[in-house]
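Residue strings, one per chain:
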Amino acid sequence: MKLTGKRTRLSAAIAAVTVAALSLTACAGGGQSASGTAAGGDSGTLSAWVWPGAMGEDVMSAATTQFASDKLEFNTIGDNFKQKLVTVFTGKSGVPSITGVKGEDMPYFRQQGELFTDLKTLGVDDILAQYPSWKLAEATTADGKLIGLPMDIGPTGLFYRTDVLAQAGLPTDPAEVAAQTSTWEDYFAFGEKLKAATGAFISVSIDDVFTKVMGQSTSGIVGPNGEFQGDSETVKKAWDLSVEAYQRGLVANLVDESPDWASAVSSGKIPTVIGAAWHAGDIKGAVPDTSGKWAVTTTPGGPANIGGSFLTIPAGTANTAEAIKVIRYLLDPKNQAITYTQVGNFPSNAQTLNEPQLKEGDAFFGGQVTAPVFEKAVESMPTKVTSPYESEASAPYTTELINVATQGKDPQQAWTDAVAASKQALAAAQ
Amino acid sequence: MSLTKASATPTALGARLSRRTGRGAPRSVRRGPAWPMYLAISPFFILFCVFGLYPTVYSLVLSFQKWNGLGTPVWVGFQNFIDLFTDETFYLAIRNTFIIFALSTIPMLILALVLAAMLNSSIRYSTLFRIAYFVPNITSVVAMAVLFGSIFGQNFGIANQLLNAVGLDSVPWLTTPFGIQVTVAVLMTYQWTGYNAIIFLAGMQAIGEDIYEAASLDGAGAFRQFWSITLPLLRPTIMFVVVVSTITGLQSFTEAQVLTSSSSTTNPNSGGAGQGGLTMVLYFYQQAFNYNKFGYGAAIAWGVFLIVVVFTIISWRFSPGRNDGKATR
């Protein structure tokens, strides 16, 4: 590695600069290494893309057997699922015949309805009534195409550790806990008692409260016509509750789902978690050693609506008749019931609620029958059709809330900054 | 580097052939046409054009467009760049990147130099040590970042447990901006020190033994030899390492991304508390891949490129090795 002579050094510098440019683009391509197998259209194979936890393993293996003649194949794609899907759509190659679309990504894909098959043309009228109309609306494009059928919906509950609550001398029965935590104010008071007795927190981070309160409302930061409503009463209320939770010392100030979070949940330092039904799967995965010590009850301040994904058929799929059969099979009440017991995704199909599995106790939750908690939540759950720019417009609020919690920023100043930044982000995005 | 090497090959080969035949350059044709040689070197250029040149040029085109990744791109001229120059978050990302760069590169280079000097002295099992120091460089950054996330966890991390054990307070490593920057810098130092030490070592071994022998005869001790012989003769290597470290350091991404990642869908890849871990490349990634602003993302990428070019030139101009030709004359 002797670099002598001006010329060598110059070329070394040029090479180095080139490497810089290349590694930048390599980075840009980093998310694009999708390994799409069989293209949907031209071969006899049906490929289906899902992410880990999208549905029960048993459902997928049963479907593979059921549709063996179509050579149905599941690809479980972790990490950045949306990006891999975007890549194959843009590259027009390796597009799966059937693909899941996460609830939070649906507003984005809904903008590009032409990439998907209108499921209404595939004779699904007989089952549409089984799905909540507001959930179907999330997958309906501006020109009325239905591009996805819902796999699950995201009613929330309050998950809690019975052992920690008992230790703090608090009730552990779901009905009693619900009675003591029916509003956010009650929940904060409950949290103060809990903290005084055990030193535990009721929220992982300040922005966690914000997200959950926003999930309880029927309006977002971006309105139905793309207008800015980040300074509305709804948003201010979510903000004020978050700041209050922090100021009352109820927030653990950890990064959600980080190793630290898992340790805190495992050790009982965060004994309560508000999350959608599918969050049960995350908890089971993160802290398996706490099995049997959990219970779930209604969300303080009423149910929130977070997540819930779809199955879609990309426009390039030739064998749509078989593809829709696969989707119908996967969303069949029996299979949705299996998915609920295996990964916790709450069934989108109302008929699933009659399945025997939903009336069985869950050992992780100390034998509690969990489905009725979410079933009740669905009844009064707020619904809204989210803007494609919602997550971008709401990011400044979480950023500023974290500034309040970690750097002692004045909440009033933080609010002003968040509103300004959000307004600007929305304007730039549109 | 591979670029210069590859493009130098045909000339070098031709020169050698013409020397052997003792005639003018193109007479090597006697041994057959030239195309097999071009064929032999073509895989690199084909791959480079497909995976290097084309995306680079395309990203430049994209930086003048507004594109959400799926729809039709719209030409917006310099709008993305105008937005970029008025984007406070981009300036924050630049500041973060330079803080992390300074916190990691300076200790890393000093450590690497010391390590290399130690490896260069005749110690036992030196190959084992070389391998051990190099291993972090070929370990998956993501795996290391996950590990560091556990080590630097606020309540349950080993780092804080050790601090507590010696009577110090816990440090909020991953929940304050500066804590995040220090943690990212520690991770980068861990990852690159061994790599740079090996390069320094190679440079040191190219220095002739006779110079050291002469110095020993003159009565120079180990430290004096290091200061007066090793360092000056190592200047070209130091320059190379400084330039490469500038380029990699200013493009830090994975470390910050994994350490500050959150499953939260509301604020992904925002760099953690106070956005302290939001580096320039992470900001580019967030804008393009989370918020589907691929045109703006491309503009950020080219902004990063310009900054890296400027600072590479600065670090090249001011590195100690630049004037070594004059110094050793």
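Residues numbered from 1 in each chain as written. Chains lettered and ligands numbered in written order. Predicted model: local features only at pLDDT ≥ 70, side-chain atom pairs only at ≥ 80, totals over all residues. Heavy atoms only, no water.

As recorded in an unreviewed UniProt entry, chain B goes by the name Sugar ABC transporter permease, listed as coming from Nakamurella flava. Recorded in UniProt for chain B, the comment headed Sequence similarities (unreviewed entry) runs: "Belongs to the binding-protein-dependent transport system permease family." We quote the UniProt Subcellular location (unreviewed entry) comment for chain B here in full: "Cell membrane". (UniProt positions renumbered as here; feature names shortened; annotations may be inferred.)

In the nomenclature of an unreviewed UniProt entry, chain A corresponds to Extracellular solute-binding protein from the organism Nakamurella flava.

## Digging into the overall build of chain A
Counting its regular elements, chain A contains 18 helices and 10 strands. Taken over the C-alpha trace, chain A has a radius of gyration of 24 Å; the compact-globule value for 430 residues is 22 Å, and the two agree within 12%. For chain A, the C-alpha atoms occupy an extent of roughly 70 × 65 × 45 Å along the three principal directions. Here chain A holds 430 residues, and 57% of them are scored as buried. Roughly 16200 Å² of accessible area belongs to chain A as shown, and the carbon and sulfur atoms make up 52% of that amount. Positive and negative side-chain charges of chain A, numbering 31 and 45 respectively, have mean locations separated by a distance of 8 Å. (Helix = DSSP H or I, 4+ residues; strand = E, 2+ residues; numbered from the N terminus. Rg over C-alpha atoms; globule rule 2.2 N^0.38 Å. Buried < 20%, exposed > 50% of the residue type's maximum accessible area, 1.4 Å probe, protein only. Areas by Shrake-Rupley, 256 points an atom, 1.4 Å probe, with all protein chains shown as cover. Lys, Arg positive; Asp, Glu negative; His and termini not counted. Charge placed at Lys NZ, Arg CZ, Asp CG, Glu CD.)

## Remarks on the confidence of the model for chain B
Residues and elements named next belong to chain B. For chain B, the average pLDDT comes to 85, and 86% of its residues sit at 70 or higher. At the low end of the mean pLDDT range in chain B sits helix 1 (residues 2-21), at 44; at the high end sits strand 1 (residues 65-66), at 96. With pLDDT under 50 throughout, residues 1-24 is counted as low confidence; its partners more than four residues away or in other chains account for 20 contacts. ipTM for the predicted complex: 0.82, alongside a pTM of 0.83. (pLDDT = per-residue confidence, 0-100. Contact = heavy atoms within 4.5 Å.)

## Overview of the pairing of strand 2 (residues 73-76) of chain A
In terms of strand pairing, strand 1 (residues 47-50) of chain A meets strand 2 of chain A through 4 bridges, oriented parallel. For A:Val50, the partnering residue across the bridge sits in strand 2 of chain A and is A:Thr76. (Pairing = 2+ DSSP bridges.)

## Here's the deal with the pattern of salt bridges
All names here are of chain A. This structure, assessed with the given rule, holds 13 salt bridges over all chains. In this structure, the salt-bridge partner of Glu192 is Arg248, at a minimum N-O distance of 2.9 Å. A residue pair is termed long-range when its members are at least 10 positions apart, and Glu192 in helix 9 (residues 184-198) and Arg248 in the loop between helix 11 (233-247) and helix 12 (259-267) qualify at 56 residues. Classification of Glu192 as partly exposed rests on a relative accessible area of 33%. (Salt bridge = Lys/Arg side-chain N within 4 Å of Asp/Glu carboxyl O.)

## Section: the pairing of strand 7 (residues 272-276) of chain A
Residue and element names in this part refer to chain A. Burial analysis of strand 7 places 5 of its 5 residues in the buried class, the great majority of the element. By the alternation rule, side chains of strand 7 split into Thr272, Ile274 and Ala276 and Val273 and Gly275, which are all buried. The pairing of strand 6 (residues 156-161) with strand 7 spans 5 bridges and is classified as antiparallel. Residue pairing in the sheet places Gly157 in a bridge with Gly275 of strand 7.

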